[in-house]
Amino acid sequence: MADTEAPVAPTEPAGPSPYEEKAPYYGKRIELFEKYFEREGAKVEEAKSKNEPIKVVMPDGAIKEGIKFVTSPWDIAMGIHKKLAQGSLLAHVDGQDWDMRRPLEGDCSLKLFGFDDPEGKELYWHSSAHVLGEALELEYGADLTIGPAIEEGFYYDCYLGERTLSASETDGIQKRMEAIIKEKQPFQRIVVSRAEALEMFQENKFKVELISNLPEDATISCYRCGPMVDLCRGPHLPDTAWIKTVSVNQCSRAHWRADVTKDPLVRVYAVTFPDKKLMAEYKLRIEEAKKRDHRLIGLNQELFFFHTLSPGSCFFLPQGAKIYNKMMEFIREKYWEYEYDEVITPNVYNFDLWKTSGHAAHYKENMFSFDVEKAEFGLKPMNCPGHCVMFGNRKRSFRELPMRLADFGVLHRNEFSGALHGLTRVRRFQQDDAHIFCRQDQMEKELAAFVKMLDEVYEVFGLTYEMKLSTRPEGYLGELETWNKAEAALEAALNGTGKEWKLNPGDGAFYGPKIDITVFDALKRRFQCATVQLDFQLPIRFNLSYVSEANEPERPIIIHRAILGSVERMFAILTEHFAGKWPFWLSPRQVMIVPVSEQSRDYAHEVRSVLRKEGFYCEVDDTDRKMQKKVREAQLEQWNYILVVGEGEKTNRTVNIRTRDNVVHGEHKLEEGLLDTLLEERRTKSLTCLFGVEKSAAAAAEKA
């Protein structure tokens, strides 16, 4: 009998793809966009017909002629030089962001920006984010949320339901973006009402939420490239072909509004550049950054680790604690030099304190709170309220000011778990936090001293930095005269440094102006660490006063200041800045002593004892391995100096010195040669080896 096979079930037709499911919504969105774009065009054509001349004032004072609603920044740039137009990405029209191809609407001032300018980069990467958003819609039928430019590149957050994206899918997204770029899709702009915007994005609940939070009479701009339309203030590139090279780098998880209780999102990171050379340089820099990742170095050098039992709170191992403590010891030296008084304040406070300071109303979600005997308490996220309590503990005299209170107290902030990132974003940390209570006439001197101290600290670490003065915002509190004096004091302090600084108008806090300080590491990456902030409001909230020379009560001004900022964050920055090759004074592994044989082992331990008495971190490798193997192992472990000792060194009471970079400095006397140089290298906090410096100087003098 012939074998029989079970009948094969008919194949079910494949269901529509996610994009096909969303296609009717996307189509309706384009239909509405074209309707409103036609309306915009009619307005422009009507204005064009009037042929009204306008004058455009350039930064150098030159005046260019144009026609209202006809002449664009691009036209003005082309009239000056073709290369200027080709290199200009963004216009400022009377200080307002403006598309290069958008017609001017009247007499105005005009300033142009290219990719080398921060403003130009931001526009370039924000336009690129729209291309990424289009790719995500076409590939996955994504619901787009937000897609900002970031420090280097951009990302787009999108909702894909239960689906996530992996690293293997970045190639597909990149190819889709490259296809969009080749199509030279123009960026088109429209302006709509709140009701029109809600109709256009009605099937995207995230956009609906953003629009619904705007005022009823809000005027909203939208941009289109290809089949994608997005809410956006703009401006943008003329078209997608201005993007010359793209790299989709990473997919990760996120949450709507950065809230883990809200919808899960997929975040896709990418970067673009106007030429391939810049992309090649970027990729080299990223590869180097991966090697320098503080999390990797921390693991390899056994400096610290994290554990799920206490997320966002670091376990510093012995070697890591040595670095951490050295950093704080350095700041304590500076506190002594600049006459700060270190204080110790509680970690836990009744919430009445936070109600007085204003943190209960504006910062509670970032705090750890709990009940104690039916009263609400919280772990402190910052030190300033406690220092206000300390200042107000008794009557103060003008003779006590300035009062400089420094505090290394442990702080806790309830960061979302998804935001935690190594040592750069943690829940438990310490700061080199200090508050200066002073009179108005003392502000300038105190600020100048702080900026000088900041410069000295960053110079020791080999960090460069830039400073910006952020001035009075629109919603400022306090007297205008006080603000003017404070801003003048900050400006005088900045001018006194002899360094360049920039003005950041209107970006101060509502309670006082500030200097924003950005540091750059060895890879030229930017980090916000130090801060100096004037505060007129906290003294009012805590009703602080001192008795003036006229025997009248006066309000002090508080200067909030930090140089390292979070010690944990600075630890991460320095780890990557030095690539794990710690300078001698900061290193947890300073000297490894390698005996050549059993006969020199006792002498090796004697050398260790001499060095330990001076406070140096040193060990002896008295394993039975070959000397060359011990030296190589010590170099890989980043010991600054390897001292080889044998019978000759024992007899002469010397050591043979080489560095972790395998530079051999030869034989030196233990006390006069080795110890003196190590003490000097530590005392001066030198970033480089001091052995051989005298010989180099002598050789240079001889040549001269």
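## A few points about unusual backbone geometry
Following Gly234, the chain continues into Pro235 via a peptide bond in cis, with omega recorded as -5°. Residue Pro402 follows Leu401 across a cis peptide bond; omega there is 0°. Checked against the element boundaries, Pro402 lands in the loop between helix H13 (384–391) and strand E20 (403–407). At Glu373, a residue that is not glycine, the phi angle is positive and equals roughly 50°. Look at Lys374: it is not a glycine, yet its phi comes out positive at around 70°. Turning to its location among the elements, Lys374 is positioned in the loop between strand E18 (369–372) and strand E19 (375–379).

## Observations regarding the confidence of the model for the protein
Across the protein, the average pLDDT comes to 93, with 96% of residues at or above 70. In the model, residues 1–12 has pLDDT below 50 throughout and makes 0 contacts with residues more than four positions away in sequence or in other chains.

## Brief notes about the sheet that holds strand E11 (residues 228–231)
The strand order across the open sheet built from 3 strands is E9-E10-E11, with neighbouring strands paired in antiparallel fashion. With one partner strand each, in any of the chains shown, strand E9 (188–193) and E11 form the two edges of the open sheet. Along the sheet, successive strands turn relative to each other by an average axial angle of 30°, direction set aside.

## Quick word on the nonpolar core
Formed by 61 residues in total, the largest nonpolar core has its most connected members in Tyr458 and Ile517. Considering each element in turn, this core owes the most residues, 10 residues, to helix H14 (residues 443–461). If we ignore the near neighbours within four places in the chain, the residues touching Tyr458 are Leu463, Tyr465, Ile517, Val519, Cys529, Ala530, Ile563 and Met570. Formed by 58 residues, the second largest nonpolar core is a distinct cluster that contains Trp74, Leu110, Trp125 and Leu136.

Rules and cut-offs
- Residues numbered from 1 in each chain as written.
- Predicted model: local features only at pLDDT ≥ 70, side-chain atom pairs only at ≥ 80, totals over all residues.
- Heavy atoms only, no water.
- Helix = DSSP H or I, 4+ residues; strand = E, 2+ residues; numbered from the N terminus.
- pLDDT = per-residue confidence, 0-100.
- Contact = heavy atoms within 4.5 Å.
- Pairing = 2+ DSSP bridges.
- Axes fitted to C-alpha atoms, helices over the stretch in contact; angles between N-to-C directions.
- Core = buried A, V, L, I, M, F, W, Y, C linked by side-chain atoms within 4.5 Å.
- Buried < 20%, exposed > 50% of the residue type's maximum accessible area, 1.4 Å probe, protein only.

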